[in-house]
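Here's the letter readout for the chains.
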Amino acid sequence: MGKIVILTGAGISAESGLGTFRDEGGLWSQHRIEDVATPEGFARDPALVHGFYNARRIQAAKAQPNAAHLALARLQRDFPSEVVIVTQNVDNLHEAGGAENVLHMHGTLAGALCATCDHRWTAPPEMSVGEVCPACTAPSARPDVVWFGEMPYHMDLIYDHLAGATVFASIGTSGQVYPAAAFVHEAALAGARTVELNLDPSDGASRYDEVILGPATQIVPQWVDGLLTHS
Ligand code: APR
């Protein structure tokens, strides 16, 4: 069995108490994307954007990894071939659950970025308007989160992993945001077996060889047990 590449979304952190985006009552029913998740929104109202991410950063800091996060870390540890975790999530619950080398393609709440010089540093629990960059002292600190219209991180490395995958799993994502939503296509082109693990079928469910439905804390540990038993 060769490399396993796993993509996760907000659904894997839902049972840790962190909201998803497009479920009933999700974050995008509380805020407009163009106001809090675009460079234009940040330029228009940085206080609103900092407030949005400060609240999520504080909530994420209190959250605990759940059985799904722990199961993926166990898979990374015990599976004989490489297991790569790519996440759209900006929380650190994969790492808190023991996973390593997680590729955060949409950035992290823990990171701060200077909009002037691109310097990156660890964000304070709460960021404020006019916060200065420790490197260039410009008052242009922003969350190191990838906004709509910006290029996700680690894309070359992610496509390299997908090209070498024998299994691709998508866990807890609605499959509505690109480029992540097309990873299943890249993996299938490489000959990988593709599986979706989700509470409800995503938009792209029909593109997967297998769809396993249920709460991540139940279906992910079972899926991992099956992989380890047959590895
Ligand atoms: N177990 C498994 N799946 C779940 C659970 C759960 N307990 N709860 C919800 N889900 C599933 C939902 O069925 C849905 O398909 O998780 C998915 C969450 O979808 P979204 O809210 O769209 O979140 P996500 O797919 O991660 O969004 C992708 O969009 O707004 C951007 O940058 C943001 O990274 C985010 C990206």
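Cut-off values and rules
Residues numbered from 1 in each chain as written. Predicted model: local features only at pLDDT ≥ 70, side-chain atom pairs only at ≥ 80, totals over all residues. Heavy atoms only, no water. Buried < 20%, exposed > 50% of the residue type's maximum accessible area, 1.4 Å probe, protein only. Helix = DSSP H or I, 4+ residues; strand = E, 2+ residues; numbered from the N terminus. Pairing = 2+ DSSP bridges. Right-handed = clockwise from strand over helix to strand, strands pointing away. 1 Å grid on protein atoms, 1.4 Å probe; cavity = no way out; pocket = protein on both sides within 12 Å on 5 of 7 lines; lining within 4 Å. Points joined across faces, edges and corners; volume = space filled by probe spheres on them. Nonpolar A, V, L, I, M, F, W, Y, C, P; charged D, E, K, R; others polar. Core = buried A, V, L, I, M, F, W, Y, C linked by side-chain atoms within 4.5 Å. Contact = heavy atoms within 4.5 Å. Axes fitted to C-alpha atoms, helices over the stretch in contact; angles between N-to-C directions. Parallel < 35°, antiparallel > 145°, perpendicular 65-115°, else oblique. Left-handed = near helix turned anticlockwise from the far one by under 90°.

(A) Here's a closer look at the pairing of strand S8 (residues 193–198). The buried count for S8 comes to five of six residues, which makes it a mostly enclosed element. In the sheet, strand S7 (residues 165–171) pairs with S8 via five bridges, with the strands oriented parallel. Paired with Ile171 across the bridge in S8 is Leu197. Following the chain from S7 across helix H8 (residues 183–189) to the adjacent parallel S8, one finds a crossover that is right-handed. Where S8 and strand S9 (residues 210–213) come together, four bridges link them in parallel fashion. Bridge pairing in S9 places Leu197 opposite Ile212.

(B) Just the layout of surface pockets, in detail. Its volume calculated, the second largest pocket comes out at about 230 Å³. For the lining of the second largest pocket, the elements supplying multiple residues, two or more each, are helix H4 (46–62) and strand S4 (107–114). Class assignment for the residues of the lining of the second largest pocket results in nine nonpolar, four polar and three charged.

(C) Region of the structure containing the nonpolar core. Ranked by size, the top nonpolar core spans 25 residues in total, and within it Ile4, Ile6, Leu72, Leu75, Val220 and Trp223 carry the most contacts. A total of seven residues in this core trace back to one element, the largest contributor, which is helix H9 (residues 216–229). Setting aside chain neighbours within four positions, we find Ile6 in contact with Leu72, Leu75, Val83, Val84, Ile85, Val86, Ala169, Ile171 and Trp223. One finds Val5, Leu103, Ala180 and Tyr208 within the second-largest nonpolar core, a separate group that totals 17 residues.

(D) View of the packing of helix H5 (residues 67–78) against H9. Two elements in contact, H5 and H9, have axes whose closest approach is 8 Å; the angle formed by their N-to-C orientations is 15°. Judged by the angle between their axes, H5 and H9 are roughly parallel. Crossing angle aside, the handedness with which H5 passes H9 is left-handed. Contacts between H5 and H9 pair Ala67, Ala68, Ala71, Leu72, Arg74, Leu75 and Asp78 from the former with Ala216, Thr217, Val220, Pro221, Trp223, Val224, Asp225, Leu227 and Leu228 from the latter. Class assignment for the residues of the contact of H5 with H9 results in 12 nonpolar, one polar and three charged.

(E) Structural detail: unusual backbone geometry. Look at the link from Tyr178 to Pro179: it is a cis peptide, with omega at 5°. Relative to the elements of secondary structure, Pro179 occurs in the loop between S7 and H8. Not every positive phi belongs to a glycine, and His154 is a case in point at roughly 65°. Note on placement: His154 falls in the loop between strand S6 (141–145) and helix H7 (155–163).

Geometric descriptors of this kind do not, in isolation, establish any biological role.
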